[in-house]
Amino acid sequence: MPPADSLLILSTAALTGLALIGGLAAWGWSGWLRLKMREIEARPQQSELPAVGQRIDLADLKERIRKLEAIAAGVDL
């Protein structure tokens with residue numbers, strides 16, 4: 001068998017193996033994503049904070065944004 005033929009066989013086998021590994025990895029990733037989606041769907045859709053706590057957090061975030069905007073504009077608070 002000439003060297004060119006063995007090189008062709010070796011590269012074909014390597015490409016086939018790589019395609020097989022890639023396919024298995026994609027199949028595993030897809031299964032993992034389906035599992036995570038089921039976990040997310042199974043969670044109760046309740047808020048962790050009561051309504052008052054959410055409003056306090058929202059007010060805190062608005063205050064932080066106001067301060068960052070003032071810093072960006074070069075205004076001292």
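Above this text you will find the structure in question.
All values derive from a computational prediction rather than experimental measurement.

Draft legend 1. Up close: the overall build of the protein. In terms of regular secondary structure, the protein is built from two helices and zero strands. Going through the 77 residues of the protein one by one, you find that 3% of them count as buried. Carbon together with sulfur atoms contributes 68% to the accessible area of the protein, which is approximately 7200 Å² in total.

Draft legend 2. Expanded view of the packing of aromatic side chains. A complete count under the given rule lists one aromatic pair for this structure. Considering the side-chain rings of Trp29 and Trp32, the 5.2 Å spacing of their centres and the 25 degrees angle between planes classify their relative orientation as stacked. You can see Trp29 and its partner Trp32 sitting in helix H1 (residues 3–42), three residues apart, about one turn around the helix. Trp32 sits in the partly exposed class, given a relative accessible area of 42%.

Draft legend 3. Expanded view of helix H2 (residues 51–73). Spanning 23 residues, H2 covers 33 Å between terminal C-alpha atoms, matching the ideal 33 Å at 1.5 Å per step. Looking one or two places after H2, you find Gly74, whose phi comes out positive at around 85 degrees.

Draft legend 4. Structural view of the pattern of salt bridges. Under the definition given, this model contains three salt bridges. Between Glu39 and Lys36 there is a salt bridge whose closest N-O contact spans 3.2 Å. Of this pair, Glu39 and Lys36 are both found in helix H1, three residues apart, which corresponds to roughly one turn of the helix. By relative accessible area, Glu39 is classed as partly exposed at 36%. Where Arg64 meets Asp60, a salt bridge forms, and the shortest distance between an N and an O atom there is 3.4 Å. Pair noted here: Arg64 and Asp60 are both in helix H2, with a separation of four residues, about one helical turn.

Thresholds, definitions, all that
Residues numbered from 1 in each chain as written. Predicted model: local features only at pLDDT ≥ 70, side-chain atom pairs only at ≥ 80, totals over all residues. Heavy atoms only, no water. Helix = DSSP H or I, 4+ residues; strand = E, 2+ residues; numbered from the N terminus. Buried < 20%, exposed > 50% of the residue type's maximum accessible area, 1.4 Å probe, protein only. Areas by Shrake-Rupley, 256 points an atom, 1.4 Å probe, with all protein chains shown as cover. Phe/Tyr/Trp six-rings, centres within 6.5 Å; stacked < 30°, edge-to-face > 60°. Expected span 1.5 Å × (residues − 1). Salt bridge = Lys/Arg side-chain N within 4 Å of Asp/Glu carboxyl O.

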